[in-house]
Amino acid sequence: MKLSQYLLATLKEAPNDAETASHKLMIRAGMIRKVAAGIYNFLPIGLKVLRKVENIIREEMNSAGAIEVMMPYVTPADLWEKSGRWNIYGKELLRFKDRADRDFCLGPTHEEVVTDLVDKEIKSYKNLPITIYQIQPKFRDEIRPRFGVMRAREFIMKDAYSFDIDENSADLSYKKMFEAYNRIFERCGLEFRAVEADSGNIGGSFSHEFMVLAETGEDLIMVCDECDYASNIETTPVVFTQDDLNQKKHEKNSGAGREMPENKIEKVSTPSCITVEEVSDFLKIKINKIVKTMILSTNQGIEAVLIRGDHELSLTKYKKNRDLEFADLATNEEISKINTVKGFSGPVNLDINIFADNELRNMTSYVTGSNEKDFHLLNVNHEKDFKIKGFLDCRQSVDGDVCPGYPDFTLRSTRGIEVGHVFKLGTKYSDSMKAGFTDKNGKDMNFYMGCYGIGVGRVVAAAIEQNNDELGIRLPSNLAPFEVIVIPTDTKNEKVMNVAIKIYDNFLKNGYDVALDDRPDSAGIKFKDSELLGIPIQITIGPKSLEKDTVEFKERDSMKKNEFKMDDIEGLLNLANEKIR
RNA sequence: CGGGGUGUAGCGCAGCUGGUAGCGCACCUGUUUUGGGAACAGGGGGUCGGAGGUUCGAGCCCUCUCACCCCGACCA
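Note that the structure is a prediction, hence the values are computed from the model and not measured. (Residues numbered from 1 in each chain as written. Chains lettered and ligands numbered in written order. Predicted model: local features only at pLDDT ≥ 70, side-chain atom pairs only at ≥ 80, totals over all residues. Heavy atoms only, no water.)

Colleague: I'm lost on the sheet that holds strand 5 (residues 95-97) in this one. Help?
Modeller: Two pairing modes exist for strands in a sheet, parallel and antiparallel, and in both the strands are linked by backbone hydrogen bonds. In space, the three strands of this open sheet follow the order 4-6-5, with antiparallel pairing throughout. The open sheet has two edge strands with one neighbour each: strand 4 (74-76) and strand 5. Recorded for the sheet is a direction-independent mean angle of 40 degrees between the axes of neighbouring strands. As paired strands, strand 5 and strand 6 (residues 103-106) are joined by three bridges and run antiparallel to one another. Within the sheet, the bridge partner assigned to Arg95 lies in strand 6 and is Cys105. (Pairing = 2+ DSSP bridges. Helix = DSSP H or I, 4+ residues; strand = E, 2+ residues; numbered from the N terminus. Axes fitted to C-alpha atoms, helices over the stretch in contact; angles between N-to-C directions.)

What follows is the structure in structure tokens.
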């Protein structure tokens, strides 16, 4: 590619609204431009990198036996009504009507379409298992798109769906995809972890997220450095060691600074102390001696959950462990209906079902709200002062918690960018959409399904987030926009240009993705652009080097330079081959 | 959706107390340059996000509105 005839749109400064390294660099390198919030143009450089990621994904999908198709991203409402998601999916689903007033939406994911497709084409167990995939735009009307293509509303996604005759077979399909994902992200040069995750809106029983470890990640994950345990903080189980469970030490140590024996509830004034921090400060009582009472609105009615003051409730875990369809913080109206006051709720004389985090089991004589404005209670004890309907694991994991893999190890929190997600769906969609096949006994069965997504643009952004320096992007050579750039520093110097073109032609002939920077600009601009774009190999030809009959070979990664005789094309090709192939 | 903020040239920004809209970079022409974002000379480019209002006069004040950004809630 001759850059004088290319669309290279590099910028010295990034627009103000770019925050993360990858967002800034992708704009500065002329990879993307914003069209509207969360909607982007991919310029040639960006598209090249995107395609390289796509091709890695495609190769690994194909070699895992998946078959490529393309489905429409405008999808009719009736498919979504069939699965029941037309009403469940929130505003994230962009809906609209066609000229005949029929409902449609932009596909945020394609379970419905693919299930319908496979149901129509596959009739017999003999044609199963099958995994099909596509690489195609998706649209989700995100509440808050941000960080460029990291969280965009329109984005390119690889989505694959497996169809099996039974659960065992489905597990094999899942495993194949899981392994393909590991290979894909390894080939993209990413530092990542596969973590256990919640399956959320898509449903299903089991799932893993592939997380690229990065400071700017939007997800918190808990990892164990000793074993390879990792999980999204939304789901990380809190386990207790046997020691913890046996010990009675809590009885002595968790009192709220008052004498134990009488255990008499004492009402104290706590004017305007709404948060646990305020209560803690005002009463001079440690925050972990306070118990928060959170009022939740669920499909089983209004209920309360007790959490130790220094812990956070995980609604995801609560929903799962209580087996609820939905659970949300109660509204102000709901709270006042049960005769309590926001900020001063407590379990004593509270006439609704009360659940508690496991951590409460061994706590005694703690502080709670009084259900009366500006008052809290000291020396509250469950069993004695109120009844707990059940204990469950529903707090968010924190640093130092016991590793669920090995009780001797502890967990540490870190941030991650979710680049891929694999789900075991079971028969959720095939049941609701009545999609199935005839088994070998001639019986009608529903498909066992799995679905597997990769955010292609997000992989690009994550790779840049992990691979950059003060000069710019530093992608691995299989993702870089070009492998080699040939820079003649003086385009008007005939000798320089002849040598440059000869080298360029030879790299082209040998199958390299090579650029010739024949723009009539000064050398400085060309060096800066090449380094900003992160082209792994830079070959410079200028009047200076030609005085010595040499050209210069520079690596972007180390910025190390090597000199070659200007006729030593073979030497250049060999070194390039060694470095990037 | 709640809280905060920003809209002035392609990008980054200045514009005081209301009085003829500016700077740097980028762009165009010419000349000289060409190994680290060149120099000189000349030039083009703006409904000051939009609508309405106050005023002799509004980029600046008032009202409404739109877009975008940040924090939160939310979300494969």
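Colleague: I'm lost on the packing of aromatic side chains in this one. Help?
Modeller: The geometry of an aromatic ring pair is captured by two quantities: the separation of the ring centres and the angle between the planes. With the rule as written, the count across this model stands at 15 aromatic pairs. For the ring pair Tyr181 and Phe210, a centre distance of 5.3 Å and an interplane angle of 55 degrees mean the geometry is tilted. With Tyr181 in helix 6 (residues 167-187) and Phe210 in strand 10 (residues 206-213), the pair connects residues that are 29 residues apart, well separated along the chain. The exposure class assigned to Tyr181 is buried, which follows from its relative accessible area of 0%. Judged by relative accessible area, Phe210 falls into the buried class, the value being 0%. Ring geometry for Phe507 versus Tyr512: centroids 5.1 Å apart, planes at 70 degrees, classification edge-to-face. The residues Phe507 and Tyr512 share a single accessibility class, namely buried. Grouping aromatic residues by their ring pairs yields a cluster made of Phe178, Tyr181, Phe185, Phe192 and Phe210. Its end group placed over the ring of Trp86, Arg95 keeps NZ or CZ at 4.8 Å from the ring centre. (Phe/Tyr/Trp six-rings, centres within 6.5 Å; stacked < 30°, edge-to-face > 60°. Buried < 20%, exposed > 50% of the residue type's maximum accessible area, 1.4 Å probe, protein only. Lys NZ or Arg CZ within 6 Å of the ring centre and 35° of its normal.)

Colleague: What is the right way to read the nonpolar core from this model?
Modeller: The tendency in soluble globular proteins is for nonpolar side chains to be buried side by side. Ranked by internal contacts, the top residues of the largest apolar core, which has 61 residues, are Met31, Met61, Tyr181 and Phe185. Viewed by domain, this core spans two of them, domain 1 (3-237 + 413-464) and domain 3 (484-580), each represented by three or more residues. With residues near it in sequence (within four places) discarded, Tyr181 still touches Met61, Lys158, Phe210, Gly420, His421, Val422, Tyr452, Gly453 and Ile454. Counting 26 residues, the second largest nonpolar core, distinct from the first, contains Ile130, Phe163, Phe423 and Phe437. (Core = buried A, V, L, I, M, F, W, Y, C linked by side-chain atoms within 4.5 Å. Domains from an automatic or database assignment. Contact = heavy atoms within 4.5 Å.)

Colleague: Is there a simple way to think about the domain arrangement of chain A in this case?
Modeller: Accessible area lost upon the coming together of the parts serves often as the stated size of an interface. Its domain assignment divides chain A into domain 1 (3-237 + 413-464), domain 2 (242-392) and domain 3 (484-580). Measuring from the centre of the C-alpha atoms in domain 1 to the corresponding centre in domain 3 gives 39 Å. Counting from both sides, the interface comprises 11 residues of domain 1 and, opposite them, 10 residues of domain 3. A buried area of about 850 Å², summed over both sides, lies between domain 1 and domain 3, and 62% of it is on carbon and sulfur atoms. On the domain 1 side of the contact with domain 3, Leu3, Ser4 and Thr10 bury the most area, a combined 52% of that side's loss. At the surface where domain 1 touches domain 3, the tally comes to two salt bridges. (Buried area = accessible area lost by both parts, 1.4 Å probe. Salt bridge = Lys/Arg side-chain N within 4 Å of Asp/Glu carboxyl O.)

Colleague: Could you clarify how one ought to interpret the layout of surface pockets in this entry?
Modeller: A water-sized probe, rolled over the atoms, reveals where empty space remains. Its volume calculated, the second largest pocket comes out at about 470 Å³. Taken together, 21 residues line the second largest pocket, and the ones lying closest to its centre are Ile274, Lys292, Thr293, Met294 and Gly343. Of all the secondary structure elements, the ones that give two or more residues to the lining of the second largest pocket are helix 9 (276-283), strand 14 (291-298) and strand 18 (366-369). Here the lining of the second largest pocket takes five residues from strand 14, the largest share from any one element. Considered class by class, the residues forming the lining of the second largest pocket number 12 nonpolar, seven polar and two charged. (1 Å grid on protein atoms, 1.4 Å probe; cavity = no way out; pocket = protein on both sides within 12 Å on 5 of 7 lines; lining within 4 Å. Points joined across faces, edges and corners; volume = space filled by probe spheres on them. Nonpolar A, V, L, I, M, F, W, Y, C, P; charged D, E, K, R; others polar.)

Colleague: What is the right way to read the pairing of strand 11 (residues 219-224) from this model?
Modeller: Successive side chains on a regular strand alternate, one facing one side of the sheet and the next facing the other. With respect to burial, strand 11 is a largely interior element, five of its six residues being buried. The pairing of strand 11 with strand 21 (residues 411-426) spans six bridges and is classified as antiparallel. Within strand 21, the residue paired with Val223 across the bridge is Arg412. Looking at chain direction, strand 11 and strand 12 (residues 230-232) are connected through three bridges and run antiparallel. Its bridge partner lying in strand 12, Met222 is registered against Ser231. In this antiparallel pair of consecutive strands, strand 11 and strand 12, the connection spans five residues.

Colleague: Explain the environment of Ile473 here, please?
Modeller: For Ile473, the location among the structural elements is in strand 26 (residues 472-473). Counting along the chain gives 203 residues from Ile473 to Thr270, while the straight-line C-alpha distance between them is 55 Å. Other than its neighbours up to four places away in sequence, Ile473 contacts Leu25, Ala29, Met31, Ile464, Asn467, Asn468, Glu531, Leu532, Leu533, Gly534 and Arg556.

Colleague: I keep staring at the sheet that holds strand 27 (residues 484-488) and nothing clicks. Help me out?
Modeller: With respect to topology, five strands assemble into an open sheet ordered 28-27-29-30-31, the strand pairing being mixed. In this open sheet, the two edge strands, each paired with only one partner strand, are strand 28 (514-516) and strand 31 (561-565). The average undirected angle you get between the axes of adjacent strands in this sheet is 20 degrees. Both strand 27 and strand 28 contribute to a ladder of three bridges, which runs parallel. In the strand pairing of strand 28, Val486 is matched with Leu516. Across the face of the sheet, helix 15 (residues 523-533) comes into contact with strand 27, strand 29 (537-541) and strand 30 (550-555) while running at roughly 175 degrees to strand 27. Against the sheet, helix 17 (residues 569-580) touches strand 27, strand 29, strand 30 and strand 31, its axis set at about 5 degrees to strand 30.

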